Amino acid sequence: MGKQLNVGLLGMGVVGSGVCQVLAEQKVAIKARTGVEITITKALASPYEDKSAFAEAYGFSLTTSVEEICADPAIDVIVELIGKIDPAKEFILTALTHKKHVVTANKDLIATHGPELMAAAEAAGVSLYFEASVGGGIPILRTLSTHYLPDTITGIFGIINGTTNYMLTQMVAEGLSYETALSEAQEKGFAESDPTNDVDGIDAAYKMVILTKFAFGMTIALTDIDITGIRGLSIDDIQQAAAFGYDVKLIGGAQKNKNGALAVSVGPVLVPQSHALASIKSEFNGVFIKSTGIGQSMVYGPGAGSRPTATSVVADLTELAKHKAEGILTPFIQFAAPTKLASASEKVDRYYLSCPAAVDVSALIADVLDPTVAPQQTNGITAYLTQPISQQFAEERFGKVAGIQMMKVMEEF
């Protein structure tokens with residue numbers, strides 16, 4: 001009889017249902033490649049929906065007790081797909097206490113309590129995997145933890161929120177206002193009824209906490225990230241950026257300076273139209289990596305959705321199946337480094353500045369203007385591109401001036 005990896009499932013929503021479907025379709029192929037059959041044997045019953053017919057169709061039993069699933073000696077792995085922080089954190093800690101491997105797609109939880117959960121997994125002698133927590137179907141975290149082991153990453157930049165990328169794509173392509181683009185995204189299911197986490201950059205910031213750990217080994221908190229969303233972004237600035245040769249994207253970025261200090265940010269950025277990240281449209285995600293060995297690379301794909309995210313969850317399960325077949329245990333993240341964050345005076349970028357045409361800021365801007373790019377005036381605004389200046393200088397000089405819009409400008413690599 002072949003080896004078996006038995007799974008307890010917490011959460012049968014969009015992604016949980018997708019996991020059941022993907023596993024059913026790929027079970028034979030996974031066993032052929034790993035020698036291990038992955039089977040969902042038990043799931044937590046939903047308090048909101050009768051899933052008994054669904055459970056019967058996929059051959060597993062239901063229970064209302066998380067403890068029953070976690071304490072079941074026949075279950076090897078708990079898959080947590082409930083989302084949010086509570087009660088997911090309690091459920092995962094319970095599973096780890098019972099020495100169960102855990103797979104989750106919960107970015108909020110990993111970003112805020114990742115070190116605690118990883119320490120609990122290590123103490124229990126089990127694995128905690130969360131590939132699906134960043135980028136949905138994009139295989140980014142395991143790529144960083146394995147393929148980049150012999151390389152040194154110097155910068156990582158991502159379009160990691162599908163809602164805002166869809167909105168910005170529509171604003172560029174169709175000339176929609178922010179409000180109209182948001183309404184359309186909500187109608188098509190790309191934005192929640194309360195879009196705060198997406199449009200204010202919080203969702204992307206959670207993901208940057210995780211990406212920073214995998215790329216640089218540094219543990220950071222949400223408060224270490226400069227976060228600006230796209231709420232209220234003007235179509236005039238979108239169109240003016242295009243006239244300068246840039247597309248505006250919500251970019252999560254983490255980059256080391258020459259002293260090894262890290263600057264991490266989330267915000268609207270002018271991306272050169274020739275840059276690979278500018279090609280990522282609609283709800284798709286992409287992560288661009290700079291390193292000393294490979295140089296430049298990018299992974300691209302669907303950042304959300306039932307099947308893409310479920311496929312990443314099943315990829316984690318497949319990794320655990322391989323480890324079971326080989327009798328090994330491998331942590332998800334392979335290294336750690338002291339956290340060293342750049343100060344505002346060390347964060348240097350070019351900036352896009354705009355203000356109403358009736359407001360004269362020429363004297364304020366004159367000494368930092370990029371001499372190669374002439375200011376432009378359209379749709380009642382005047383726009384400028386600066387030379388490289390520090391964040392501290394930009395905030396002190398322009399941050400409190402009424403009517404000025406500031407966005408960073410990404411350089412060609």
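Going by the structure above, here's the rest.
Note that the structure is a prediction, hence the values are computed from the model and not measured. Counting restarts for each chain, with residues numbered from 1 along the sequence as it is written. Local features are withheld for residues below a pLDDT of 70 in this predicted model, meaning they are given only at 70 or higher, and side-chain atom pairs are given and counted only at 80 or more; totals for whole chains, interfaces and linings count all residues. Processing note: side-chain calculations cover all non-hydrogen atoms of the structure and skip hydrogens and water entirely.

> Honestly, the side chain of aspartate 72 in this entry has me stumped. Any pointers?
In DSSP terms, a helix is any run of H or I states spanning at least four residues, a strand is any run of E spanning at least two, and both are numbered starting from the N terminus. Along the chain, aspartate 72 turns up in the loop between helix H3 (66-71) and strand S4 (77-80). Three labels apply to residues, based on accessible area from a 1.4 Å probe with only protein chains included: buried if under 20% of the type maximum, exposed if over 50%, partly exposed otherwise in between. Judged by relative accessible area, which is 15%, aspartate 72 ranks as buried. Excluding residues that lie within four positions of it along the chain, aspartate 72 makes contacts with Lys42 and Lys100. In what follows, a contact means two residues having at least one pair of non-hydrogen atoms within 4.5 Å.

> Looking at this structure, how should I read the layout of surface pockets?
Sizing a probe to match a water molecule and rolling it over the atoms shows the empty space that remains. The definitions used throughout rest on a 1 Å grid laid over the protein atoms alone, on which a cavity is an enclosed set of points accommodating a 1.4 Å probe that cannot get out and a pocket is an open set flanked by protein within 12 Å on both sides along at least five of seven lines; lining residues are those having an atom within 4 Å of a point. Grid points are joined across faces, edges and corners, and a volume is the space filled by probe spheres set on the points. In this structure, the largest pocket occupies an estimated 1,300 Å³ of space. Forming the walls of the largest pocket are 41 residues, and the residues nearest its centre are Val15, Lys107, Glu192, Asp203 and Ala304. Taken together, the elements giving at least two residues each to the lining of the largest pocket come down to helix H1 (14-34), helix H5 (107-124), helix H7 (162-174), helix H9 (196-199), helix H10 (202-216), strand S11 (284-291) and helix H12 (306-326). Polar here means any residue other than Ala, Val, Leu, Ile, Met, Phe, Trp, Tyr, Cys and Pro, which are nonpolar, and Asp, Glu, Lys and Arg, which are charged; Gly is therefore polar. Class assignment for the residues of the lining of the largest pocket results in 13 nonpolar, 18 polar and 10 charged. Space inside the second largest pocket adds up to approximately 940 Å³.

> Sorry if this is basic, but what is going on with unusual backbone geometry here?
Trans is the common state for peptide bonds, and a negative phi is the common state for residues other than glycine. At the junction of aspartate 86 and proline 87, the peptide bond is cis and its omega measures out at 5° in the coordinates. Along the polypeptide, proline 87 turns up in the loop between S4 and helix H4 (88-97). In this model, asparagine 379 sits at a positive phi of 50°, which is unusual for a non-glycine residue. When you line up the elements, asparagine 379 lands in the loop between strand S14 (376-378) and strand S15 (381-385).

> Looking at this structure, I do not really get the pairing of strand S10 (residues 262-272). What am I missing?
Consecutive side chains of a regular strand alternate in pointing toward one face of the sheet and then the other. Taken across its 11 residues, S10 has 10 buried, putting it largely inside the fold. The pairing criterion for strands is at least two bridges between them, as found by DSSP. Inspection of the sheet shows strand S8 (residues 226-227) paired to S10 by 2 bridges, in the parallel sense. Of the residues in S10, the one forming a bridge with isoleucine 227 is valine 266. Taken together, the 11 bridges between strand S9 (residues 246-256) and S10 define a ladder with antiparallel strand orientation.

> Would you explain the packing of H5 against H10 in this entry?
Here the axes come from fitting lines to C-alpha atoms, over the contacting stretch only for helices, and the angles between their N-to-C directions go from 0 to 180 degrees. Where H5 contacts H10, the two axes come as close as 9 Å, and the packing angle between them is 50°. By the angle between their axes, H5 is oblique relative to H10. Two packed elements cross with a definite hand, and for H5 against H10 that hand is left-handed. Together, Lys107, Asp108, Ile110, Ala111 and Thr112 of H5 and Asp203, Tyr206, Lys207, Val209 and Ile210 of H10 make up the contact between the two elements. When its residues are assigned to classes, the contact of H5 with H10 shows 5 nonpolar, 1 polar and 4 charged. If an angle is under 35 degrees, it is roughly parallel; if it is over 145, roughly antiparallel; if it lies from 65 to 115, roughly perpendicular; otherwise it is oblique. Here a crossing is called left-handed whenever its near helix is offset anticlockwise from the far helix by less than a right angle, and right-handed whenever the offset is clockwise.

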